[in-house]
Structures are given as C-alpha cells and as structure tokens.
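Residue-level listing of the chains:
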Amino acid sequence: MYKVFVSSRNRPLYLWACLDSLHRLTRSAAAITLIDSASDDMQVREVVRGFERRGLFREIVWLPANEIGAVIREIASRLTQEDELFGFIEADTVILPGAFDCWLAHMTGLMHDDPGLAMLGSLVDPGDFVDPVQALRLEPGRPPHDVGDMIYYGDPGRQDHRPDTPEQLVFSPHNPSGRLLVLRREAILQAGHASDSDLHDNLRALGYRTGISTRVRHRHLSLLNIFDYPRYDMTARHEYMRGATYRGQAEARGFSREAQSWTREPDIHLLTPQGRIEPERDGPWHRFSLAEAGGPAWLMSRRGFALGTADQRPLGIAIDRLLVDGEDMLRSTALAAGWYAPEEGWRWTAGRAELPPAREVALRLTGVVDYEA
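To start, this report covers the structure provided alongside it.

Calculation notes
Residues numbered from 1 in each chain as written. Predicted model: local features only at pLDDT ≥ 70, side-chain atom pairs only at ≥ 80, totals over all residues. Heavy atoms only, no water. Core = buried A, V, L, I, M, F, W, Y, C linked by side-chain atoms within 4.5 Å. Buried < 20%, exposed > 50% of the residue type's maximum accessible area, 1.4 Å probe, protein only. Helix = DSSP H or I, 4+ residues; strand = E, 2+ residues; numbered from the N terminus. Polar contact = N/O pair within 3.5 Å; in protein donor to acceptor, adjacent residues only side chain to side chain. Contact = heavy atoms within 4.5 Å. 1 Å grid on protein atoms, 1.4 Å probe; cavity = no way out; pocket = protein on both sides within 12 Å on 5 of 7 lines; lining within 4 Å. Points joined across faces, edges and corners; volume = space filled by probe spheres on them. Nonpolar A, V, L, I, M, F, W, Y, C, P; charged D, E, K, R; others polar. Patch = residues over 30% accessible without salt bridge, like charges linked within 9 Å, V, L, I, M, F, W, Y side chains within 5 Å. Areas by Shrake-Rupley, 256 points an atom, 1.4 Å probe, with all protein chains shown as cover. Salt bridge = Lys/Arg side-chain N within 4 Å of Asp/Glu carboxyl O. Lys, Arg positive; Asp, Glu negative; His and termini not counted. Charge placed at Lys NZ, Arg CZ, Asp CG, Glu CD. Pairing = 2+ DSSP bridges. Phe/Tyr/Trp six-rings, centres within 6.5 Å; stacked < 30°, edge-to-face > 60°. Lys NZ or Arg CZ within 6 Å of the ring centre and 35° of its normal.

So, the nonpolar core
Thinking step 1. Counting residues in each nonpolar core, the largest one holds 31 residues, and the members touching the most others are Leu15, Leu19, Phe57, Ile89 and Trp103.
Thinking step 2. Of all elements in the fold, only strand E1 (2-8), helix H1 (12-25), strand E2 (30-37), helix H2 (43-53), strand E4 (85-90), helix H4 (103-113), strand E6 (117-124) and strand E8 (180-184) reach the threshold of two or more residues within this core.
Thinking step 3. Membership of the second largest hydrophobic core comes to 29 residues, among which are Ile319, Met329, Tyr340 and Leu355.

This is the structure in structure tokens:
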C-alpha cells in the first residue's frame, strides 16, 4: 500500500474537485493523509467531512499555522523504510481520466521499472491557461505584472511540450510540477525535501533522473484563480513556497548574515571509491593526483547560497578553469551531474559534481558563497 499526502489550504471549490478526482481515480490500495495548513475558510472542513464519510482518508492533520516546513515535517515523520515510493498532491490539482486503471498504479509502475527515476510528475492540461488579454480585461486596475503572475504567465506548461514519440511514457522538458508527484523515498532523503525545482536540480546533481508521465494528466485549478478567487494573494503564496526551497529552509535554521553559523571556506576535495583526496593548493588553483583513471570521482565542496541576491540555487564553488588530464573541460557537455550551465566565464557546481575518469585534475577557483559551517 502506497502513502499519498494531500496538502491543502482554503479554496474549498478546488479542494472538493481535487478530492473527488482522487476518490474516483485511485483504484489501487493507498493510505491517503490530508494535511491542512490552518485553513480559515470554514467550508474546507465541510468538504473534508464529506470525503471522510466516503472513506477516502487514512488520516487528517489540521496544522495550527500556514507554514510549509510543518507540512514537510508531517510527511517525513510518516515515512518508514518500507515506503520505497510515496505520492504527493496539492489540493488545487484535479487528476484527469486516462488510458490506465489507476494513476497511482501507472506512475509507481514506471518508477519500479526505472530505479534511477526519483521524481515523476504528470502533464498539465493546457486548456486552463487564461489568455493574457482576457485577464487584463477582467482586472483593468491591477498592474500587468500582477495579472501575469496570477495566470502563471511564465509557467513552462504554456509551451505545451510534447514527447518525442507517441509511445514515450516519460519525458523531461523541464522539472516536474510539484502539484502531482510520485517520489522515491531513499533519493529524497539524500537530496532533502524541497520545492519541485530545487528537488529536481539536487536529484540530478546526485545522479538521479526526474520526469513527467505522458499518460497521467492533471488540471491546475490555480490557473483559474482570476475567475474563482480573484483576491487570491500570490505574494503570500510565493513567500510560502520560498520556505520549501533549500535556501528558505537554511534561512529558517538561522543561516543568515546575522547568524554565526556560516563560513566562506568551501572545503574542496575529491571523493573516489578509494576515499577522500585533498588538493595541493597554489593560490586559486587546486590540483589533485589520482592513483588511476578508471573509477568515478566527484568534486566535492560545501553547499551554500548567494545571500543578498535573487539566486535561489544551492551552490558549491565557481570555477573558471577545469583541467582534466591537461584538457580544459569547463564547458564540456561531458560535465552533467552536479554542474550548473556555464555562465560568463565561469561555472558553478552544486556541491557534488561528477568528473570524467582522469589521473590529474586541476581547477581554478573564482567564487564562493556563504556555507553552513
């Protein structure tokens, strides 16, 4: 039996539609826990009571405050070693019928078939994206940026990505949306619970893959806020979700410039199956000698954040030269897991970056951030 967690706050219309689809389309054994983040719309409890009478829930949790860290802790406390996979749904999500008996059975089956797949989401139905011109007509007094934010104008789902072939069951045009997910517990423990984009980046840095099911589709009802809940506070929503980012979690632990729990020392070293290798230091250069070139090696450092900037990524170190057996590979496509895309003359790691087989590695450090000590 799989555990499925539903995260909810207010908007009872959307909650009812979400729970109805979950009740109708979950046909395999599932233990469903609803976690409500201090809803103050009393209709929410009426909706929940109706589905409690239907027998949908294993458990209902009423949190005293609207804080995403509490949701994460409630989920983590209920997962055990027996829970290889688990599901997560936000209560503005409606699962759509498809060519499967059960959405949960289909998605967990795909993940059992591919042990390297750590996070699997579903396709959004693009029919709910509101036309920007229509949205501006509905809200003529609001700044265009705010209207665009409300209708998720920048959502990658607006691109209406398609798989390479009709037979393709999983594809990865961008990170899976956090609205409907099946997750691999062991991988999440390594990466750390986080928002969908942060988790996507960290899982890939650890060598896992993420993807989107082409068969399971969902409606994202928040796309319709402008009709049903026009006073919905997107600023508060963004602040809430910021608490799910790795940076937001670190800041909540007191990781800030006012705190004393940070350092600028990145602790650079290599990690191989034979153990840890320390560098020879020469100013900004760090040089490593490996006994053999056949095994895997990872460039390791602390992970931190560029405080005082808009960059939310967990960062390791910035490098402007990377010599692997004498060849500069900083911009090579052979660098994948744990490497961010090249920027203007440098490239950031995510703290654990895979290297090609080599006997000699040299890097020139050009930037660090604040790290938790």
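A short note on the side chain of His218
Thinking step 1. Among the secondary structure elements, His218 is positioned in strand E9 (residues 209-220).
Thinking step 2. The class for His218 is buried, based on a relative accessible area of 1%.
Thinking step 3. Separated by 3.2 Å, the side chains of His218 and Arg179 make a polar contact.
Thinking step 4. In this structure His218 touches Thr93, Val94, Leu96, Ser122, Leu123, Val124, Asp125, Arg179 and Leu180, once residues within four positions along its chain are discounted.

Section: empty space enclosed by the protein
Thinking step 1. One pass over the full model with this rule turns up 1 cavity of 30 Å³ or more.
Thinking step 2. Its volume calculated, the largest cavity comes out at about 30 Å³.
Thinking step 3. Together, Leu270, Leu290, Gly295, Ala297, Leu355, Pro356, Pro357, Ala358 and Val361 line the largest cavity.
Thinking step 4. Split by residue class, the lining of the largest cavity holds 8 nonpolar, 1 polar and no charged.

Quick notes on the layout of surface pockets
Thinking step 1. In this model, the second largest pocket occupies a volume close to 250 Å³.
Thinking step 2. In terms of lining residues, the second largest pocket is bounded by 13 residues, among which Arg204, Ala205, Ala336, Ala337 and Gly338 are the most central.
Thinking step 3. The greatest single-element share of the lining of the second largest pocket, amounting to 3 residues, is contributed by helix H8 (residues 196-205).
Thinking step 4. Looking at the lining of the second largest pocket residue by residue, the class counts come to 8 nonpolar, 2 polar and 3 charged.

Some words on a negative patch on the surface
Thinking step 1. A cluster of acidic residues, Glu280, Asp325, Glu327 and Glu360, forms a negative patch at the surface.
Thinking step 2. Tracing the backbone through its elements, the reader meets Glu327 in strand E18 (residues 327-328).

Comments concerning the sheet that holds strand E22 (residues 370-372)
Thinking step 1. Spatial strand order, E10-E22-E16: 3 strands in an open sheet with antiparallel pairing. Single-partner strands in this sheet number two, and they are strand E10 (262-263) and strand E16 (304-305).
Thinking step 2. Sheet topology note: the E16/E22 ladder contains 2 bridges and is antiparallel. By the bridge assignment, Gly304 is partnered in E22 with Tyr371.

What to know about the pairing of strand E21 (residues 360-367)
Thinking step 1. As defined by bridge partners, strand E14 (residues 285-289) adjoins E21 across 5 bridges and the pair is classed as antiparallel. Within E21, the residue paired with Phe288 across the bridge is Val361.
Thinking step 2. Note: strand E17 (residues 318-324) against E21, 6 bridges, orientation antiparallel. Considered in E21, the bridge of Val324 is made with Val361.

Re the packing of aromatic side chains
Thinking step 1. The full count for this structure, using the stated rule, is 3 aromatic pairs.
Thinking step 2. Look at Tyr14 and Tyr229: their rings are 5.2 Å apart centre to centre, the planes differ by 85°, and that puts the pair in the edge-to-face class. In this pair, Tyr14 is assigned in helix H1 and Tyr229 in the loop between helix H9 (225-228) and helix H10 (234-242), connecting sequence segments 215 residues apart. Exposure class is identical for Tyr14 and Tyr229. Each is buried.
Thinking step 3. Between Arg313 and the ring centre of Tyr340, over which it is positioned, the NZ or CZ distance is 4.6 Å.
Thinking step 4. In this structure, Arg352 is placed above the aromatic ring of Trp298, and the distance from its NZ or CZ to the ring centre is 4.6 Å.

Observations regarding the environment of Glu280
Thinking step 1. Turning to its location among the elements, Glu280 is positioned in strand E13 (residues 280-282).
Thinking step 2. Judged by relative accessible area, Glu280 falls into the exposed class, the value being 57%.
Thinking step 3. Through-space distance from the C-alpha of Glu280 to that of Arg27 is 59 Å; in sequence the pair is 253 residues apart.
Thinking step 4. Non-local contacts of Glu280, meaning those with residues more than four positions away in its chain, are made with Trp285, His286 and Arg287.

Looking at unusual backbone geometry
Thinking step 1. Phi angles above zero are rare outside glycine, and Asn10 is one such case at about 55°.
Thinking step 2. Relative to the helices and strands, Asn10 is located in the loop between E1 and H1.
Thinking step 3. We note that Arg11 has phi near 45°; this positive angle belongs to a residue other than glycine.
Thinking step 4. Relative to the elements of secondary structure, Arg11 occurs in the loop between E1 and H1.

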